[in-house]
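Each chain, letter by letter, is given below.
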Amino acid sequence: MLVKTFGSAVYGVEAITITVEVNWMGSNTGCTIVGLADNAVKESLQRIESTFKCIGKEMPRTRIVVNLAPADIKKSGTAFDLPIAVGILAAARQMKNAEAMDKFIIMGELSLDGEVRPIKGALPIAIQARKEGFKGLIVPTANAREAGMVNNLDVYGVKHIREVIEFFESGEQSLQPVKVNTRDEFFESQYDFEIDFADVKGQENIKRALEIAAAGGHNAILIGPPGAGKTMLAKRLPTILPPLSLHEALETTKIHSVAGKLPENTTLISRRPFRSPHHTISDAGLVGGGGVPQPGEISLAHNGVLFLDELPEFKRTVLEVMRQPMEERRITISRAKVAVDFPASFMLIASMNPCPCGYYNHPEKACTCPPGAVQKYLNKISGPLLDRIDLHVEVTPVPFSELAALRPQEASETIREKVIKARTIQEERYKTHSGIYCNAQMSSKMLKEICVISTPGQNLLKTAMERLNLSARAYDRILKVSRTIADLAESPEIKIEHLAEAIQYRSLDREGWAG
């Protein structure tokens with residue numbers, strides 16, 4: 001008897017429906033899985049046989065062929081256990097009402113006693129199931145809320161294979177679809193932060209720099225000695241960024257779902273992600289990869305912040321692979337038989353010590369590095385990568401008087417309101433430019449139209465570049481940052497004071513900064 005059940009395979013952040021065909025041949029013995037299945041899929045037969053024994057069913061002692069179609073697409077992972085098991089039971093006539101199965105996508109990994117374990121990519125699977133007109137989706141209970149946010153699709157969470165068998169045999173009466181009030185839950189948790197800029201004593205100039213970075217979507221690097229508060233400040237950046245839109249939240253959740261990074265019983269990710277990989281990370285760990293391509297840290301930081309602490313300690317090759325994604329805001333991973341795209345629109349915030357000992361330019365402690373060590377340390381970061389970082393911010397230690405002060409600090413909520421106003425101005429400005437949402441994404445051609453400065457402003461910029469020995473690459477960055485500062489001040493034009501503030505955020509471009 002030939003039976004068809006339906007599963008789904010995830011490639012990139014999209015899903016493809018897989019037809020699981022099970023045919024009971026009635027001659028010989030043994031079970032074969034065909035259709036480009038990897039070892040994890042083929043091993044499902046051992047788990048299924050153990051499951052059947054635990055629930056009082058029998059593995060048919062005749063020849064069974066399981067085909068995963070389309071047969072030219074590689075299938076991987078353990079999530080096909082459940083549809084294969086149900087298909088075998090139906091083909092062996094050990095389950096009633098099998099004809100109802102063609103209305104459902106079924107996914108889940110089986111333990112040896114029949115328990116259904118979580119899977120990756122439940123959200124894109126649910127979206128594809130709705131798109132193809134399936135009535136419902138059966139997934140592990142741990143993934144039910146994640147998939148349940150998709151409208152016009154009945155999502156059923158199951159803990160054991162017995163629940164699936166009873167579901168079909170009882171005419172869909174034994175289980176109730178998951179109900180998720182996605183919109184209310186999403187908006188309620190958007191501002192639920194455990195940290196706040198009000199926790200940071202002093203460092204007003206650094207807070208201002210991060211406010212500008214958030215308002216214009218600019219990348220930034222914080223340079224300062226150990227213990228100056230670089231990491232503490234960077235971790236609080238997501239608290240002042242504009243809240244995620246529903247579309248952004250859906251994109252972000254899909255990526256985390258595919259990577260298996262979504263917390264159990266989560267629906268939508270409501271806050272912008274903050275990713276902080278260790279400096280020993282590999283190229284594939286940062287940009288994504290693997291035999292079956294998986295998203296890397298830059299994609300997990302999509303619509304959020306990627307924080308690289310101690311930037312010069314990262315391998316040069318790892319840093320260089322970020323250059324293209326930072327420009328194109330997506331990464332394409334190509335393999336012999338498959339190429340997948342992952343979104344990678346993130347803000348890069350990096351931090352570094354000014355020298356190997358950490359005390360170059362320190363107001364109190366002397367640098368103990370030998371001559372040339374500071375420049376050598378800085379040269380670990382390539383010019384093209386620095387080209388993509390708009391703000392260079394020097395962080396100095398907080399004096400005791402600031403630490404002991406009791407005066408209240410500006411809260412994240414207050415800063416966020418100013419950032420949202422500036423972003424609203426930019427959305428209106430770029431509404432006719434596809435793919436451009438903030439000042440940091442402006443092209444050189446757009447700079448000439450949008451960042452017009454007066455003759456006194458031109459003179460100031462010329463003087464600054466000559467006296468501070470700023471490199472040529474600083475020119476565009478200063479204009480972009482000054483446009484953001486003007487937006488924060490709600491000024492339609494870039495004034496001299498906006499340019500002057502932008503100029504101070506180019507520390508690493510000053511010739512002789514590192515001696």
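Preceding this section is the structure that the text describes.
Conventions used here
Residues numbered from 1 in each chain as written. Predicted model: local features only at pLDDT ≥ 70, side-chain atom pairs only at ≥ 80, totals over all residues. Heavy atoms only, no water. Helix = DSSP H or I, 4+ residues; strand = E, 2+ residues; numbered from the N terminus. Expected span 1.5 Å × (residues − 1). Buried < 20%, exposed > 50% of the residue type's maximum accessible area, 1.4 Å probe, protein only. Arc of directions from axis to C-beta. Lys, Arg positive; Asp, Glu negative; His and termini not counted. Salt bridge = Lys/Arg side-chain N within 4 Å of Asp/Glu carboxyl O. Polar contact = N/O pair within 3.5 Å; in protein donor to acceptor, adjacent residues only side chain to side chain. Contact = heavy atoms within 4.5 Å. Pairing = 2+ DSSP bridges. Axes fitted to C-alpha atoms, helices over the stretch in contact; angles between N-to-C directions. Core = buried A, V, L, I, M, F, W, Y, C linked by side-chain atoms within 4.5 Å. Parallel < 35°, antiparallel > 145°, perpendicular 65-115°, else oblique. Left-handed = near helix turned anticlockwise from the far one by under 90°.

Each α-helix turn comprises 3.6 residues. Residues three or four places apart therefore point the same way. When the terminal C-alpha atoms of helix α20 (residues 455–467) are compared, their 18 Å separation across 13 residues agrees well with the 18 Å that a helix rising 1.5 Å per residue should span. When we look at burial in α20, the residues that qualify are G457, L461, A464 and M465. End-on, the buried residues of α20 take up no more than an arc of 95°, which puts them together on one face. Among the exposed residues of α20, those pointing more than 90 degrees away from its buried face are T455, K462, E466 and R467.

The next thing to look at is the environment of Q46. For Q46, the location among the structural elements is in helix α2 (residues 44–55). The class of Q46 is exposed, set by a relative accessible area of 55%. Placed 359 residues apart in sequence, Q46 and A405 show a C-alpha to C-alpha distance of 66 Å.

With that out of the way, let us pick up the side chain of D38. With respect to the element layout, D38 can be found in the loop between β3 (30–34) and α1 (39–42). One buried charged side chain, D38, makes no salt bridge at all; its nearest oppositely charged neighbour is K74, positioned 5.7 Å away. Engagement of the side chain of D38 in a polar contact is seen with the backbone nitrogen of A40, the distance being 3.2 Å. Excluding residues within four positions of it along the chain, D38 makes contact with K74, K75, S76 and G77.

Here we come to the sheet that holds strand β18 (residues 391–394). Taken in spatial order, the five strands make up an open sheet running β11-β14-β17-β10-β18, and their pairing is parallel. Each having just a single partner strand, β11 (274–275) and β18 make up the two edges of the open sheet. Of the pairings in the sheet, the one linking strand β10 (residues 220–223) to strand β17 (residues 347–352) comprises four bridges and is parallel in character. Within β17, the position partnered with L222 by the bridge is S351. The sheet contacts of helix α8 (residues 204–216) involve β10, β17 and β18, and relative to β18 the element is tilted by about 165°.

Burial in helix α22 (residues 496–503) covers these residues: H498, L499, E501, A502 and I503. On the buried face of α22, the contacting elements are α8, α20 and α21 (474–488).

Next up on the list: the pairing of strand β8 (residues 136–140). Buried residues dominate β8, accounting for five of its five residues. When strand β5 (residues 104–106) meets β8, the two strands line up parallel, connected through three bridges. Looking at β8, one finds that I106 is bridged to I138. Inspection of the sheet shows β8 paired to strand β9 (residues 154–158) by five bridges, in the parallel sense.

It is worth spelling out the nonpolar core at this point. If you look at the biggest cluster of nonpolar residues, it comprises 103 residues, and the most contacted ones within it are F168 and M322. For this core, the leading source of residues is helix α3 (residues 81–91), giving eight residues. In this structure M322 touches L286, I298, L306, L308, L348 and L385, once residues within four positions along its chain are discounted.

What follows covers the packing of helix α4 (residues 122–131) against helix α5 (residues 141–148). Relative placement of two packed helices is described by the angle separating their axes and the distance separating the axes. Viewed as axis vectors pointing N to C, α4 and α5 meet at an angle of 55°, and their least axial separation amounts to 8 Å. By the angle between their directions, the pair α4 and α5 is classed as oblique. At the point where α4 passes α5, the crossing takes the right-handed sense. Contact with α4, carried on its side by A122, L123 and A126, involves N143, E146 and A147 of α5 and no other residues of that element.

Everything listed here is a matter of coordinates, which is why it stays silent on function.
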